[in-house]
Amino acid sequence: MTLFHTHVIVDWSARSKPSPARPTKDAIWWAAARDGVVSEPAYARTRHDAVERLAVLIATELGAARRVLIGFDFPFGYPAGVAAYLTGEASARALWDWLAARIEDGEDNANNRFEVAQAINRAYPGVGPFWGRPRTWRYPDVPTRESRRTHREAHPPERRIADSQARGAKTVWQLAYAGSVGSQVLLGLPAIKRLLEHPRLKGRLAVWPFDTGLRAPEAPAVIAEIYPSLLRKEIEERKSGAEITDAAQVRVNAEAFARLDTLGGLGPLFQGASHLDAAERRIIETEEAWILGLGHEEALKKALGRSM
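(A) The layout of surface pockets, seen in detail. Of the pockets and cavities examined, the largest pocket occupies roughly 1,100 Å³. Considering the residues around the largest pocket, the lining is formed by 40 residues, among which D26, D73, G179, S180 and Q184 are closest to the centre. Breaking the lining of the largest pocket down by element, the ones donating at least two residues are α4 (113-122), α5 (182-196), α6 (232-238) and α7 (245-262).

Next comes the structure, spelled out in structure tokens:
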């Protein structure tokens, strides 16, 4: 049974200025597959523009009685214990609220993510868990290198359960330099909260697995964490000519999820990896989240190889 009519894959960005008018890498991209047909990837210069346009896209699909899956390419949670340490509640959604109350993200992409990271570092003993500050940026409590941190035995875990199992996944504590995802998380989670609370969508979206548990969701629109690099080889093989890699990866991932759904095979992905035990599942459902498709990579790859 097909779970969704429309599959949207979003590649996020933590740029501090609007991306160039001419589409470029390291910006916000998304692709939508409607009934298995993938549209031309869309490009946004700012996070605010992306949220507004994604809200319109989702609302339009829901208005046509079409179920929608939206995948964002950054972690939806921090390692177990962080939410309770900062908010007093072992809940990723509580931490989303905590971050949204502190993150300032202007319509021109100007933001205070390093100030918030510095405040979190100060909450921990020694030099806190966040690292990766550009050398010229004056945030002394955020070290430039991972090795400059101290009292690490009192810090939260380096990785979530999912991060330790996804090949090549970076730690949420790295804010800058190649492959870093920490800044995307700090700016991305408040952005998803804005999407959830958008006037056209409020009460119509569910976040997997926090709102749904590790099971196939029943909500008409579902937001999930994805990791495009699960299909790294397939993206390279299907990338055309001078196509920007970010555009290729949202396009290929949208096609993969849509094809697998059409084949009736998407449901098991929402159950997480089969080897997870009860304690891990509880942490994933409340604090850390899971990467949709992790543990089911072969199913996605096989779906890409089949004709519609």
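(B) Summary view of the pairing of strand β5 (residues 68-72). With 5 of 5 residues buried, β5 is to be regarded as a mostly interior element. Across 5 bridges, strand β1 (residues 6-11) lies against β5 in parallel orientation. When the bridges of β5 are listed, H7 appears paired with L69. Relative to strand β7 (residues 221-225), β5 is paired through 5 bridges, and the arrangement is parallel. Across the sheet, the residue bridging to F72 is E225, located in β7.

(C) A look at the packing of aromatic side chains. What the rule picks out here adds up to 15 aromatic pairs. When the centroid spacing of 5.8 Å and the interplanar angle of 55 degrees are considered together, the rings of F72 and F74 count as tilted. Residue F72 is classed as buried on the basis of its relative accessible area, which comes to 3%. Taking relative accessible area as the criterion, F74 reaches 1% and is therefore assigned buried. Among the aromatic side chains, those forming a connected cluster through ring pairs are W12, F72, F74, F76, W96 and F210.

Thresholds, definitions, all that
- Residues numbered from 1 in each chain as written.
- Predicted model: local features only at pLDDT ≥ 70, side-chain atom pairs only at ≥ 80, totals over all residues.
- Heavy atoms only, no water.
- 1 Å grid on protein atoms, 1.4 Å probe; cavity = no way out; pocket = protein on both sides within 12 Å on 5 of 7 lines; lining within 4 Å.
- Points joined across faces, edges and corners; volume = space filled by probe spheres on them.
- Helix = DSSP H or I, 4+ residues; strand = E, 2+ residues; numbered from the N terminus.
- Buried < 20%, exposed > 50% of the residue type's maximum accessible area, 1.4 Å probe, protein only.
- Pairing = 2+ DSSP bridges.
- Phe/Tyr/Trp six-rings, centres within 6.5 Å; stacked < 30°, edge-to-face > 60°.

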